[in-house]
Amino acid sequence: MAYYSLTDTVLDNKYLDEDKKGARQIGVIKLGKECFHFRAKLKHYYIPYSELKNCFRRVMNIPAKMCCGNGNFRIENLVLSDGEKELAVIQLPGERAAVELMKDLKERCPNTDFTVPASLRSDAPIEVAEEAACAVKEGEALQ
């Protein structure tokens, strides 16, 4: 299987296969021993934990008009950053999965900051989700 790196670090496919074997899976994400793996369409991407500088949740409220009234859909995304730019924005199955994923990432990446970096902040209001200790942005369009 071919793997694609989102950073400058290129690892051997055999090493990545071994890392991925015992990984915990949440949606399209697999948390290996040394790398963060995920699928996007037909490609498999990875980011070594040592390359992650920032990791946070982005929650988007999507207004919806339904037959019985109006409502909002909350779309959970995980944003991985190298401190300067976003490496990946991955849609998660739900809030519960997002909280569990953040807990696992904190254990595997103790040197990673779990807040929005100043270089990625916009003028949009930002709330801090206390239980997951990560930043949440509301009102952004889907990417």
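Here the structure is a predicted model, which means the values were calculated and not measured.

Procedures and definitions
Residues numbered from 1 in each chain as written. Predicted model: local features only at pLDDT ≥ 70, side-chain atom pairs only at ≥ 80, totals over all residues. Heavy atoms only, no water. Phe/Tyr/Trp six-rings, centres within 6.5 Å; stacked < 30°, edge-to-face > 60°. Buried < 20%, exposed > 50% of the residue type's maximum accessible area, 1.4 Å probe, protein only. Lys NZ or Arg CZ within 6 Å of the ring centre and 35° of its normal. pLDDT = per-residue confidence, 0-100. Helix = DSSP H or I, 4+ residues; strand = E, 2+ residues; numbered from the N terminus. Contact = heavy atoms within 4.5 Å. Pairing = 2+ DSSP bridges. Axes fitted to C-alpha atoms, helices over the stretch in contact; angles between N-to-C directions.

### Remarks on the packing of aromatic side chains
Link 1 in the chain: Applying the stated criterion across every chain, the model contains 3 aromatic pairs.
Link 2 in the chain: For the pair F36 and F38, a centre-to-centre distance of 6.1 Å together with 55 degrees between the ring planes defines the contact as tilted.
Link 3 in the chain: For F36, a relative accessible area of 0% corresponds to the buried category.
Link 4 in the chain: Considering the side-chain rings of F38 and Y45, the 5.4 Å spacing of their centres and the 25 degrees angle between planes classify their relative orientation as stacked.
Link 5 in the chain: Since its relative accessible area comes to 8%, F38 is described here as buried.
Link 6 in the chain: By way of ring pairs, the aromatic residues Y4, F36, F38 and Y45 are connected into one cluster.
Link 7 in the chain: A cation over an aromatic ring shows up here: K43 above the ring of Y4, its NZ or CZ 4.8 Å from the ring centre.

### Examining the confidence of the model for the protein
Caution applies to low-pLDDT regions: their predicted coordinates should not be interpreted in detail.
Link 1 in the chain: Per-residue confidence for the protein gives a mean pLDDT of 82, with 83% of residues at or over 70.
Link 2 in the chain: Of all the helices and strands in the protein, strand β10 (residues 134–137) carries the lowest mean pLDDT, 36, while strand β3 (residues 29–31) carries the highest, 95.
Link 3 in the chain: Scored below 50 in pLDDT, residues 123–143 shows 55 contacts in the model against residues more than four places distant or in partner chains.

### Overview of the sheet that holds strand β2 (residues 24–26)
Link 1 in the chain: Spatial strand order, β1-β5-β4-β3-β2: 5 strands in an open sheet with mixed pairing. Looking at the sheet topology across the chains shown, the edges are occupied by β1 (3–5) and β2. Between one strand axis and the next, the sheet turns through 25 degrees on average, direction left out of account.
Link 2 in the chain: Strand direction decides the pairing type here: β1 and strand β5 (residues 43–48), joined by 3 bridges, are parallel. By the bridge assignment, Y3 is partnered in β5 with H44.

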